[in-house]
Amino acid sequence: MRPVLLLLLALLLARPALASTDPSDVLGIAYDQKPGATLPLDLRLADEAGEPVRLGDFIRGRPTLLALVYFHCPNLCGVVLGDLLTGLQATGVVPGQDYDLLAVSIDPSETPADASAAKNQHLMEFPTPGAAEGWHFLTGSETALASLEQAVGYRARFDPSFKQFIHPAGVVVVTPDGRVARYLLGVGYRANDLKLGLLDASTGAVATMTRAILLTCWHYDPTTGRYSLAILNLLRLAAVLTVATIGGVLYLAFRREGRAR
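Bear in mind that the values here come from a model prediction, so they are computed numbers and not experimental data.

## Focus on the overall build of the protein
- Helix and strand content of the protein: 7 helices and 13 strands.
- Per-residue burial over the protein gives 44% buried out of 261 residues.
- Taking all contacts inside the protein whose residues are at least 6 apart in sequence as the whole, residues at least 24 apart take part in 73%.
- As displayed, the protein has an accessible area near 13300 Å², and 62% of this comes from carbon and sulfur atoms.

Right under this line is the structure:
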């Protein structure tokens, strides 16, 4: 229910812009998923303090969550980051120890000051041990951002009439050696999806590869970016057993009633 409410909220926030936007403008706005693709680790960006950094500086032996957003986004970005951080808090994983988060602005006009303000705001709203060291808000040039977006299949465009970016919502899970492991798409990030995604990525698993212990119960659906119960037959069996149980209870009740008479 919660993901549905979040999606409705995002749609309501975006409604004024979308109502006046040509439907053809949003065609192709999505993640062109590239599981196994290598990120450009030598890419030059800037951190919150304005210091030059390499993307590879943050890929350091543990999984990484890459969120392509922009810090002055009036619509989806706040929902994406807020819901992501809420989900991460529920997992119990520790930033800077179990994973790193890279929130990279897709707007080349945004500055390290914008990144710093966004980071401080999220640190206050989502107090989490290790977050100051494990959450990174980065900016970059148009060329650098285009290279990163191409590497992960992120397709967005700037709408000059509204001065906003039309972009997809989602998070890219990256392996410790800098490869795309999988995508968590949309909003409504469940703690279980995040925990399993990070666990899989930590082993170098890509896309449809899942934890063997859960192979019969859970699968990763690349079309939805979700781990889902793959137990349709079990559900059918449960339904049959439920009907049989109810039938048995009714039979015994009627039988007792008949004896009483």
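Structure's up, so let's keep going.
## So, the pattern of salt bridges
- For the structure shown, the criterion picks out 8 salt bridges.
- Aspartate 57 is the salt-bridge partner of arginine 54, the closest N and O atoms lying 3.1 Å from each other.
- On the basis of relative accessible area, aspartate 57 is assigned to the partly exposed category, the value being 36%.
- Arginine 179 is the salt-bridge partner of aspartate 177, the closest N and O atoms lying 3.0 Å from each other.
- The network of salt bridges with common partners includes Asp42, Arg54 and Asp57.

## Some remarks on the sheet that holds strand E11 (residues 180-185)
- The mixed open sheet is built from 5 strands, whose spatial order is E6-E5-E4-E10-E11. A strand with exactly one partner marks an edge of an open sheet, and here the two such strands are strand E6 (135-138) and E11. Across the sheet, the mean angle separating the axes of adjacent strands is 20 degrees when strand polarity is ignored.
- Of the strand pairs in this sheet, strand E10 (residues 170-174) and E11 are connected by 5 bridges, and their pairing is antiparallel. Across the sheet, the residue bridging to valine 172 is tyrosine 183, located in E11.
- Of the strands in this sheet, strand E4 (64-69), strand E5 (100-105), E6 and E10 touch helix H2 (residues 76-91), which is tilted by about 160 degrees from E4.
- Against the sheet, helix H6 (residues 191-202) engages E4, E10 and E11, with an angle of about 170 degrees to E11.

## Regarding the confidence of the model for the protein
- Residues of the protein with pLDDT of at least 70 account for 73%, and the chain-wide mean is 79.
- Predicted confidence is poor over residues 209-220, with pLDDT under 50, and the contacts of this stretch with residues over four places away or in other chains come to 35 contacts.
- For residues 227-235, every residue scores under 50 in pLDDT, and the model assigns this stretch 21 contacts once sequence neighbours within four places are set aside.

## Section: the pairing of E11
- When you tally the buried positions in E11, you get 6 out of 6 residues, the bulk of the element.
- Between E10 and the antiparallel strand that follows it, E11, lie 5 residues; glycine 178 among them carries a positive phi value of about 90 degrees.

## Section: helix H3 (residues 112-125)
- Look at H3: 20 Å from first C-alpha to last across 14 residues, which is about the 20 Å you get at 1.5 Å a residue.
- When we look at burial in H3, the residues that qualify are Ala115, Ala118, Lys119 and His122. Burial along H3 is one-sided: seen end-on, the buried residues are contained in an arc of 100 degrees. Opposite the buried face of H3, by more than 90 degrees, sit the exposed residues Ala113 and Met124.

## Looking at the nonpolar core
- In terms of nonpolar packing, the biggest core is built from 60 residues, with Leu65, Leu66, Leu68, Leu88 and Val152 touching the most fellow members.
- In this structure, leucine 65 is in contact with Leu84, Leu88, Tyr99, Asp100, Leu101, Leu102, Val171, Val172, Val173 and Leu198, ignoring residues within four places of it in sequence.

## So, the packing of aromatic side chains
- For the coordinates displayed, the defined rule picks out 5 aromatic pairs.
- For the pair tyrosine 70 and phenylalanine 165, a centre-to-centre distance of 5.0 Å together with 65 degrees between the ring planes defines the contact as edge-to-face. Of this pair, tyrosine 70 sits in the loop between E4 and H2 while phenylalanine 165 is found in strand E9 (residues 164-166), placing the two residues 95 residues apart along the sequence. There is no split in this pair, since tyrosine 70 and phenylalanine 165 are both buried.
- Each member of the aromatic cluster is reached from another via a ring pair, and the members are Tyr31, Tyr154 and Tyr183.

The rules behind the values
Residues numbered from 1 in each chain as written. Predicted model: local features only at pLDDT ≥ 70, side-chain atom pairs only at ≥ 80, totals over all residues. Heavy atoms only, no water. Helix = DSSP H or I, 4+ residues; strand = E, 2+ residues; numbered from the N terminus. Buried < 20%, exposed > 50% of the residue type's maximum accessible area, 1.4 Å probe, protein only. Contact = heavy atoms within 4.5 Å. Areas by Shrake-Rupley, 256 points an atom, 1.4 Å probe, with all protein chains shown as cover. Salt bridge = Lys/Arg side-chain N within 4 Å of Asp/Glu carboxyl O. Pairing = 2+ DSSP bridges. Axes fitted to C-alpha atoms, helices over the stretch in contact; angles between N-to-C directions. pLDDT = per-residue confidence, 0-100. Expected span 1.5 Å × (residues − 1). Arc of directions from axis to C-beta. Core = buried A, V, L, I, M, F, W, Y, C linked by side-chain atoms within 4.5 Å. Phe/Tyr/Trp six-rings, centres within 6.5 Å; stacked < 30°, edge-to-face > 60°.

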